[in-house]
Amino acid sequence: MKAPSRLRRRIGALAVGMAGLAGVLLIALVWPRPSQAATACPTQLAPAAVEVVGAGVTGAVVGVTAAAGCSYSIVSGAAFIVVTSSATAAGSSSVAYSVLPNTGATRRGSIAIGGSIFSVKQAKGTVPPPPPPARKTAYDFDGDGKADIGVFRPANGIWYVLQSRDGFQATTLGQASDVLVPSDYDGDGKTDSAVYRPSTGAWFILQSRDGFQQTQWGLGNDIPIPADFNGAGRLQQHAIRHRRRRSDRRLAAPLSTACSRGQRFVSGG
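Every chain is numbered on its own, with residues counted from 1 as its sequence reads. Restriction of local features to residues with pLDDT of at least 70 applies here, the model being predicted, together with a cutoff of 80 or more for giving and counting side-chain atom pairs; totals for whole chains, interfaces and linings are based on all residues. Based on all heavy atoms of the structure, the side-chain values leave hydrogens and waters out of the count.

1. A closer look at the packing of aromatic side chains
Turning to step 1, where the next piece is worked out: Each Phe, Tyr or Trp ring, with Trp reduced to its six-membered ring, pairs with another whose centre is within 6.5 Å; inter-plane angles below 30 degrees give stacked pairs, above 60 give edge-to-face pairs, and intermediate values give tilted ones. Scanning the entire structure with this criterion turns up 4 aromatic pairs.
Turning to step 2, where the next piece is worked out: With 6.4 Å between their ring centres and 25° between their planes, Tyr-160 and Phe-168 make a pair best called stacked.
Turning to step 3, where the next piece is worked out: Phe-168 sits in the exposed class, given a relative accessible area of 57%.
Turning to step 4, where the next piece is worked out: Stacked on the ring of Phe-80, the Lys or Arg Arg-107 has its end atom at 4.1 Å from the ring centre. In this scheme, a residue with accessible area under 20% of its type's maximum is buried, one over 50% is exposed, and one in between is partly exposed, where area comes from a 1.4 Å probe on protein chains only. Counted as over-ring charges are cases with an Arg CZ or a Lys NZ within 6 Å of the ring centre that also lie within 35 degrees of the ring normal.

2. Description of the sheet that holds strand S10 (residues 149-153)
Turning to step 1, where the next piece is worked out: Two strands form a pair only when DSSP identifies at least two bridges running between them. Comment: elements are numbered from the N terminus, with helices defined as DSSP H or I runs of at least four residues and strands as E runs of at least two. A sheet is described by the order of its strands in space; here 3 strands give the open sequence S10-S11-S12, paired in antiparallel fashion. Only two strands of the sheet have a single neighbouring strand rather than two, namely S10 and strand S12 (167-172). Adjacent strand axes in the sheet meet at a mean angle of 15° when their direction is disregarded. Orientation is described by lines fitted to C-alpha atoms, with helices fitted over the stretch in contact, and by angles between N-to-C directions that extend from 0 to 180 degrees.

3. Points about the state of the cysteines
Turning to step 1, where the next piece is worked out: Only a pair of cysteine sulfur atoms within 2.5 Å qualifies as a disulfide here. A full pass over the atoms with the stated rule returns 1 disulfide.
Turning to step 2, where the next piece is worked out: At a sulfur-sulfur separation of 1.7 Å, the disulfide partner of Cys-41 is Cys-70. Of this pair, Cys-41 sits in the loop between helix H2 (34-37) and strand S1 (44-46) while Cys-70 sits in the loop between strand S3 (57-65) and strand S4 (71-76), placing them 29 residues apart in sequence.
Turning to step 3, where the next piece is worked out: For Cys-70, a relative accessible area of 18% corresponds to the buried category.

4. Description of the sheet that holds strand S15 (residues 202-207)
Turning to step 1, where the next piece is worked out: Ordered in space as S13-S14-S15-S16, the 4 strands form an open sheet in which the pairing is antiparallel. Looking along the sheet, the strands with just one partner apiece sit at the ends: strand S13 (179-180) and strand S16 (211-216).
Turning to step 2, where the next piece is worked out: Sheet analysis places S13 next to strand S14 (residues 193-197), joined by 2 bridges and oriented antiparallel. Counted as the bridge partner of Leu-180 is Val-195 from S14.

5. Quick look at a nonpolar patch on the surface
Turning to step 1, where the next piece is worked out: A cluster of nonpolar side chains, contributed by Ile-149, Leu-162 and Phe-168, occupies part of the molecular surface with about 360 Å² of accessible area.
Turning to step 2, where the next piece is worked out: Within the secondary structure layout, Ile-149 lies in strand S10. Exposure above 30% relative accessible area and no salt bridge define the residues that can form patches, which grow by joining like charges within 9 Å and nonpolar side chains of Val, Leu, Ile, Met, Phe, Trp and Tyr within 5 Å. Note on areas: Shrake-Rupley, 1.4 Å probe, and residue coverage restricted to the protein chains presented here. Throughout this description, the term salt bridge denotes a Lys or Arg side-chain nitrogen within 4 Å of a carboxyl oxygen of Asp or Glu.

6. Things to note about the side chain of Gln-122
Turning to step 1, where the next piece is worked out: Tracing the sequence through the fold places Gln-122 in strand S9 (residues 116-122).
Turning to step 2, where the next piece is worked out: Counted as a polar contact is a pair of N or O atoms within 3.5 Å, where, for protein atoms, one must be capable of donating a hydrogen and the other of accepting one, and residues adjacent in sequence contribute only when both atoms are in side chains. Here Val-53 takes part through its backbone oxygen, which lies 3.3 Å from a polar atom of the side chain of Gln-122.
Turning to step 3, where the next piece is worked out: In this structure the side chain of Gln-122 is engaged in a polar contact, spanning 2.7 Å, whose partner is the side chain of Arg-107.
Turning to step 4, where the next piece is worked out: The contact criterion used throughout is that any non-hydrogen atoms of two residues lie within 4.5 Å. Discounting chain neighbours no more than four positions away, the residues touching Gln-122 are Val-52, Val-53, Gly-54, Ala-55, Gly-56, Phe-80, Val-99, Leu-100, Pro-101, Asn-102, Thr-106 and Arg-107.

7. Here we look at the confidence of the model for the protein
Turning to step 1, where the next piece is worked out: The pLDDT value tells you how sure the predictor is about a given residue, anywhere from 0 up to 100. Overall, the predicted model of the protein reaches an average pLDDT of 78, with 68% of residues at or above 70.
Turning to step 2, where the next piece is worked out: Averaged pLDDT values over the elements of the protein bottom out at 37 in helix H3 (residues 246-260) and peak at 97 in strand S5 (residues 81-83).
Turning to step 3, where the next piece is worked out: Contacts from residues 24-39, a stretch scored under 50 in pLDDT, to residues over four places away or in other chains number 0 contacts.
Turning to step 4, where the next piece is worked out: A low-confidence stretch, residues 244-269 stays under pLDDT 50, and its non-local contacts, those more than four residues away or across chains, total 43 contacts.

8. A closer look at the pairing of S3
Turning to step 1, where the next piece is worked out: One ladder, built from 3 bridges, connects S1 with S3; its direction is antiparallel. Its bridge partner being in S3, Gln-44 is matched across the sheet by Thr-65.
Turning to step 2, where the next piece is worked out: One ladder, built from 6 bridges, connects S3 with strand S7 (residues 93-99); its direction is antiparallel. Across the sheet, the residue bridging to Gly-63 is Ser-94, located in S7.

9. Quick word on the nonpolar core
Turning to step 1, where the next piece is worked out: Take the buried Ala, Val, Leu, Ile, Met, Phe, Trp, Tyr and Cys residues and link them wherever side-chain atoms come within 4.5 Å; each set so joined is a nonpolar core. Within the largest apolar cluster, 21 residues are counted, with the highest numbers of intra-cluster contacts made by Tyr-72, Ile-74, Ile-81, Tyr-97, Ile-111, Ile-113 and Phe-118.
Turning to step 2, where the next piece is worked out: Within the residue set of this core, elements represented by two or more residues are S3, S4, S7, strand S8 (107-113) and S9.
Turning to step 3, where the next piece is worked out: Counting 9 residues, the second largest nonpolar core, distinct from the first, contains Phe-141, Phe-152, Trp-159 and Leu-173.

See the structure below:
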C-alpha cells in the first residue's frame, strides 16, 4: 500500500512541474516584446494648424495632449520652421517653435509631433523699401564727400574745378548768358557740370557717369531749380515761372534777386 502512495505523490509533483512550465511558456508568449512597446504615442494638438504673417514669428507654442509617460519625438518638416524646445517629450506638454521671415511666395510646412502633424502656412513676404539716399555734399565733383573749389569762366565757357581727391579738372560747357545749375543728375554721388540757357529754355548737362544730356524745359524768364523731387536719388529739372501778379512776385522775389546778383550756382548736391 505504500508504493502506490509514493507513486501518487510523484505523479502529483510531476503535474505541478508541468503546469509551472506551461505557465512560464504562456507568460513568454503574451509578454510584450521591446519592439512592440515602442509603438507611436497618440497625441492631440491645440491648435492643429496656424497661419503666419510673412514677417515670421518667434516664441510660438502648440499644446500637446498625450498619456502620462508616453514618449514621442518632435521633428520639423521644413527649414523655415525651427523647433526651439526639446526634440523629445513625454505625456502632455507644449512645443515651442519659430517661423523665419518669408521673402518669397506663400509657403507651407509642418512639424511631426508623435503621431500627429502640426501644419503651418506662411503668407508671402514683402520686400522692404530701399533706404533713403545718403545726404550728398553740394559741389562734390569727385564723390569723396567734400565740396570742391570751382569757377566758371563766361568768356570761354570753361569750368575750372580743383577736386579735393582727384585734382584739377577743366570742362567746357556753356555760354556767358547761361545759368549754372551743377548737381548730381545721374545719381552716382558726383556733381555734374550743367547749365540752363534762358534764351531757349534748354538744359545742357555733362553727367559724370551717363555722359552728355540735353533737355528742353522752361522759358526765357523761368528760374531753373534742379532738385530730387521724387526721392529717386538723382536731380530733375524744374523751373519757377515768374508771374506778374503781386502775390507771385513776392514768392519769386528771393530767387530772382539771388540770380540778378550774380549767384549763378543754383541749388545742387
